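As a plain string of letters, each chain reads:
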Amino acid sequence: MSVNEVKIKPAPVQFELRGTGPPTSRTFVIGDEDHTLGNALRHILINDARVDFAGYCVPHPSEPVVHVRVQTATGNEGAAALTATEAVKEACTTLENQCDFVLEELEKVLPEVREDREWMERLAAEELQQAAEEEEDEEE
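Parameters and conventions
- Residue positions within a chain follow its written sequence, with the count starting from 1.
- Two thresholds apply to this predicted model, a pLDDT of at least 70 for residue-level local features and 80 or more for giving and counting side-chain atom pairs, whereas whole-chain, interface and lining totals are computed over all residues.
- In computing side-chain values, all of the structure's heavy atoms are included and hydrogens and water are not.
- Pairing between strands requires that DSSP locate at least two bridges from one strand to the other.
- In this text, helices come from DSSP runs of H or I with a minimum length of four residues, and strands from runs of E with a minimum of two, each type numbered from the N-terminal end.
- Where helices are involved, their axes are fitted lines through C-alpha atoms of the stretch in contact, as for all axes, and angles between N-to-C directions lie from 0 to 180°.
- Residues count as neighbours in contact if any of their non-hydrogen atoms are within 4.5 Å of one another.
- Working definition: with a 1.4 Å probe on protein chains only, accessible area under 20% of the residue-type maximum means buried, over 50% means exposed, and in between means partly exposed.

**A short note on the sheet that holds strand β1 (residues 15–18)**
Overall, antiparallel pairing links the four strands, which are arranged β1-β2-β4-β3 in an open sheet. Where the open sheet ends on each side, the last strands, each with one partner, are β1 and β3 (51–57). This sheet shows a mean twist of 15° between the axes of neighbouring strands, independent of strand direction. Pairing between β3 and strand β4 (residues 65–72): six bridges, direction antiparallel. Looking across to β4, one finds that Tyr 56 is bridged to Val 68. Against the sheet, helix α1 (residues 35–46) touches β2 (25–31), β3 and β4, its axis set at about 170° to β3.

Encoded structure:
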């Protein structure tokens, strides 16, 4: 390992929901993520008119976790307010759709990207199958 390589331990939690007050205000702690996901979610959330505040932070560079804070507008009379959880779910769906669109457009222009993706998917499937087989062997 070179001097510039840093081994970061896996996050102690994969996901945690923080906040006690109204459901329109929550902090989402996402493990094994960093500025890439935090800023993308923040950007999508802040472009939603129903969201009053969206921000994120990475508490420390050696801690593989991102905190995403969301506050949504309270509902008008008779209208139900969008909860922070619903806002994040919608933002995640939007982000996934945007990533799929970019990947599809990239694969149209550069066929080798599609080949690489397919190869990586096969490799991941093989690793999952191998891990499942090892788990079965351990149980026996």
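**Brief notes about the environment of Tyr 56**
Examined against the element boundaries, Tyr 56 turns out to sit in strand β3. Once residues within four sequence positions are removed from consideration, Tyr 56 is found in contact with His 35, Gly 38, Asn 39, Arg 42, Val 66, His 67 and Val 68.

**Considerations on the side chain of His 67**
Looking at the secondary structure, you find His 67 in strand β4. Exposure remark for His 67: the relative accessible area of 16% places this residue in the buried category. Look past the residues within four positions of His 67 in its chain and what remains in contact with it is Arg 18, Thr 27, Phe 28, Val 29, Gly 55, Tyr 56, Cys 57 and Pro 59.

**Here's the deal with unusual backbone geometry**
Among all residues except glycine, the phi angle is most often negative; among peptide bonds, the trans geometry is most common. Phi at Asp 32 is positive, roughly 55°, even though this residue is not glycine. Inspection of the secondary structure puts Asp 32 in the loop between β2 and α1. Judged by its relative accessible area of 36%, Asp 32 is partly exposed.

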